[in-house]
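Remarks on the overall topology
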Amino acid sequence: MRLLVNKVVLALSTLAAILGLIFLFWILITLTIKGINAISLHIFTNDLVNNGLRNLFVGQFILAFIAVLIGVPIGLIAGIYLQEYSFNNKYAKFIRNLSDVMMSAPSIVIGTFVYAILVNPVGHMNGWAGAIALAIIMLPIIVRTTDDMLGLVPKELREAGVAIGAPKYKVIFDIILKAAKVGIMTGFLLAFARIIGETAPLLFTSGNNEYFTLDLNHEFPSLTVAIYNLATMPDKHLVDIAWAGAFILTIFVLIINLIGRYLIKDKG
Amino acid sequence: METFFKRLSSLSATTILLILTSIFIVLFIEAKPAIKEYGLKFLIDPRWGVVISNTQNDKLKNNETVEKSSFEDKDDLDDDLEDDDIAIEDEDALAAAGVTASTDTKVIYGGLIPIVGTILSTLIAMIFAVPIAMGIAIFLAEIAPPKIAKPVGIAIELLAAIPSIIYGMWGLFYFGPFISKIFGGGSVSLLVAGLVLGIMIIPFMASLTRDSMKTTPDVLKESAYAIGATKFEVIKDVIFPYAKTGIIGSMILALGRALGETMAVAFVIGGVFKLPSKLTDPTVSIPVVLANNFAESSGMSLAALFYLALILFVISFVVITFAKFYFLGDNK
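All residue numbers refer to positions counted from 1 along the written sequence of the respective chain. As they are written, the chains are lettered A onward and the ligands numbered 1 onward, keeping that order. Two thresholds apply to this predicted model, a pLDDT of at least 70 for residue-level local features and 80 or more for giving and counting side-chain atom pairs, whereas whole-chain, interface and lining totals are computed over all residues. Side-chain figures throughout are based on the complete set of non-hydrogen atoms in the structure, without hydrogens or water.

Description of the overall build of chain B
As a reminder, the rule being used: Helix and strand assignments follow DSSP, with helices taken as H or I runs no shorter than four residues and strands as E runs no shorter than two, numbered in order from the N terminus. A 1.4 Å probe rolled over the protein chains alone gives each residue an accessible area, and that area as a share of the maximum for its type sets the label: buried under 20%, exposed over 50%, partly exposed in between. The contact criterion used throughout is that any non-hydrogen atoms of two residues lie within 4.5 Å. The method behind every accessible area is Shrake-Rupley, applied with a 1.4 Å probe, and residues are considered shielded solely by the protein chains displayed.
Helix and strand counts for chain B stand at 12 helices and two strands. Moving toward the C terminus, one meets the helices and strands of chain B in the order α-β-α-α-β-α-α-α-α-α-α-α-α-α. Scored against the burial criterion, the 332 residues of chain B give a buried share of 53%. Contacts spanning at least 24 positions in sequence make up 79% of the contacts within chain B whose residues lie at least 6 apart. Split by element, the accessible area of chain B, about 14400 Å² in all, is 63% carbon and sulfur.

In structure tokens form, the structure reads like this:
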């Protein structure tokens, strides 16, 4: 009887695993088939107004890149504070927990917040609002990564630096950050992968733009928002373009994740 | 330089606190007109954008009738709601009605339908995802040989990184029609939304659960095997008790993710302001209401949307904090 129960349970959980994997591969396979069929050179050389995706790729990338420029310095320095300056006091623990909670905050709520402070006062959606929404989403991820990675640096390295009379910030920048470089960079890469696929916080902050633009003061092209709009159109051709965009986005995100994984592994 | 950098670093850490508090405060301020107007009854009022004529000039009396009718509606909830004269206006009419509200009509906004939609879709997602994610976690941690467990584990983790909009799109074009063939109903419904949501959180939940299970020391497992326990008994009596808090914590984190998810749901829930009388009915959830209506709203409807956003923020904040402190422990 015990052996039977054992067998049944093991079979069930294997089955559950197979079922889960079937769903997940179903998604990947349909995405690949639909995506590859819809990809053409036209998509890369034309903007949305001419049924292409060029301006959207550029726009999405710029939004994510600005988010990195804003989120990374703040997050990095905050992570340094938590690990190097706070001596793990109560405040640091509080911030650490708060940051973890913020990591799980619904991204659409962050969108509404940014709308209230950056879109409503201006009167129209703009690229800055979208980039800042993404930066807010990214910030806690950067803090967490930096905090964790600095924590792995051996104490002896810090002591060695201080022993030769270096000021603390020099020790941090020249020794500790160098030691944790690969881990931290990987964290940034993964955070970038996370925000480049975000849609919800962009819907009503930067919106979308059919034309090629680099002007962040107005509605800004976004691949993910465009996918959402196109996929719900009755025109089959537009839906196909959405599939192409979705496929390219997914491949991009997966490749970044694989690179991140490789970097961590390479480090040992 | 040293003190400057030290100050700067503690200031950066404080930004986290600053942003979170300002999210709360800003949402509260923006939602204030709606909070003042509807109070906590917003939570149980199923009418969204319903125009009621305001024949009485006395505002107090009018408020009373609003209360009454809202309770009547609540009693009818379980009954067929299609009979209720819920008039859903499209965006333009809504905005127009909002402007004229002060003269002779009044638009009522209640949050019950999106709140119920959010809770039900998350519930369906959890019911669907928990057993499968547990199965995958057990499979990866205990059953599969390393040669299989490793690539499958990596695949699962990669799938957790796929943007949620992809899940939504797949749900709309493939999974929705598939479900409607089996269970009837349209290809967009509460059921489809819940299941897509479930599929989306499976990889996340499975990899966290597997990590928790793996923290069980080998010595404990080996001693159980040594006295003749079967694999199932080891899982049930050694691994689960040991990793229990971590596993439950992972589940709640996944639940938090499902609560606030927008894109995976927006494609497949239907976006209709109607309480579902059965699983295959279309309805709406808080994030979806925000996604669909935010850009076009103003005045009271915008305040009501901010009210919804505030509710969602508070719910997810409570859920995550609960998971963190009770199950996952204070880190470090």
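Examining the nonpolar core
Soluble globular proteins tend to bury their nonpolar side chains together. Condition: Only buried residues count toward a nonpolar core, which is a set of Ala, Val, Leu, Ile, Met, Phe, Trp, Tyr and Cys residues joined through side-chain atoms within 4.5 Å. Note: domain ranges come from an automatic or database domain assignment.
By size, the foremost hydrophobic cluster in this structure holds 197 residues, and its most contacted members are B:F42, B:W48, B:Y167, B:F175 and B:I199. Looking at which element gives the most residues to this core, the answer is helix α4 (residues 112-143) of chain B, with 17 residues. Lining this core are residues from two domains, each supplying at least three of them: domain 1 (29-112) and domain 2 (114-328) of chain B. Those residues in contact with B:I199, other than ones at most four positions away along the chain, are A:F23, A:L24, A:I27, B:F128, B:Y167, B:W170 and B:F175.

Concerning the domain arrangement of chain B
All names here are of chain B. To keep things clear, this is the line we draw: Two parts placed together each lose some accessible area under a 1.4 Å probe, and adding up what both lose gives the buried area.
Its domain assignment divides chain B into domain 1 (29-112) and domain 2 (114-328). With 21 residues of domain 1 at the interface, the matching set in domain 2 holds 19 residues. Of the roughly 1900 Å² buried where domain 1 meets domain 2, counting both sides, 76% is carbon and sulfur surface. For the side of domain 1 that touches domain 2, the leading source of residues is helix α1 (residues 2-38), giving seven residues.

A closer look at the pairing of strand β2 (residues 105-109) of chain B
All names here are of chain B. Here is the rule we go by: In this scheme, strands are said to pair when DSSP sees at least two bridges between them.
Burial runs high along β2: five of the five residues are buried. Residues T105, V107 and Y109 point to one face of β2 and K106 and I108 to the other, with burial holding for every one of them. Pairing of strand β1 (residues 48-53) with β2, which is carried by five bridges, proceeds in the antiparallel orientation. Within the sheet, the bridge partner assigned to S53 lies in β2 and is T105.

A few points about the packing of aromatic side chains
Filter applied, for reference: Whether two aromatic rings pair depends on their centres lying within 6.5 Å, for rings of Phe, Tyr and Trp, where Trp uses its six-membered ring; planes under 30 degrees apart make the pair stacked, over 60 edge-to-face, and the rest tilted.
Inspection of the entire model under this criterion finds 25 aromatic pairs over all chains. With a centroid separation of 5.1 Å and an interplanar angle of 90 degrees, the aromatic rings of A:Y228 and B:F267 are classed as edge-to-face. Taken as a pair, A:Y228 in helix α10 (residues 223-231) and B:F267 in the loop between α10 (263-266) and α11 (286-293) lie in two separate chains rather than in one. The buried category is assigned to A:Y228, whose relative accessible area is 10%. Among the residues examined, B:F267 registers a relative accessible area of 4% and is labelled buried. Judged by centre distance (5.1 Å) and plane angle (80 degrees), the rings of B:F294 and B:F306 are edge-to-face.

As for a nonpolar patch on the surface
For clarity, the cut-off: Only residues whose relative accessible area exceeds 30% and that form no salt bridge are eligible for patches; like-charged ones are grouped when within 9 Å, while nonpolar side chains (Val, Leu, Ile, Met, Phe, Trp, Tyr) are grouped when within 5 Å. Between Lys or Arg on one side and Asp or Glu on the other, a salt bridge is scored when a side-chain nitrogen of the former is within 4 Å of a carboxyl oxygen of the latter.
A cluster of nonpolar residues, A:M1, A:L4, A:V8, A:L12 and A:L15, forms a patch on the protein surface that exposes about 560 Å² of accessible area. Mapped onto the secondary structure, A:V8 falls in helix α1 (residues 2-38).

Some remarks on unusual backbone geometry
All names here are of chain A. A positive phi angle, close to 50 degrees, is found at F87, a residue other than glycine. Structurally, F87 is set in the loop between α3 (54-85) and α4 (90-103). Here N88, not a glycine, exhibits a phi torsion of approximately 55 degrees, which is positive. As for its position among the elements, N88 is in the loop between α3 and α4.

Focus: α1(B)
The criterion, for reference: Here the expected span of a helix is defined as 1.5 Å times the quantity of residues minus one.
Taking 1.5 Å per residue, 37 residues should reach 54 Å; α1(B) reaches 53 Å between its end C-alpha atoms and fits that length. Positive backbone phi, at 60 degrees, marks B:G39, one or two positions downstream of α1(B).

As for the interface of chain B and chain A
Here is the rule we go by: Nitrogen and oxygen atoms within 3.5 Å of one another constitute a polar contact, given that in protein one can donate a hydrogen and the other can accept it, and given that sequence-neighbouring residues count only through two side-chain atoms. Under the grouping applied here, Gly and all other residues not named as nonpolar or charged are polar, the nonpolar ones being Ala, Val, Leu, Ile, Met, Phe, Trp, Tyr, Cys and Pro and the charged ones Asp, Glu, Lys and Arg.
The interface of chain B with chain A comprises 85 residues on the first partner and 85 residues on the second. Roughly 7400 Å² of surface becomes buried between chain B and chain A when both sides are summed, with 79% attributable to carbon and sulfur atoms. Connecting chain B to chain A are three salt bridges. Applying the counting rule to chain B against chain A returns 11 residue pairs in polar contact (both at pLDDT 80 or more). Take the side of chain B that touches chain A: its biggest share by element is 19 residues, from α1(B). Grouping the constituent residues of the side of chain B that touches chain A by class yields 59 nonpolar, 16 polar and 10 charged.

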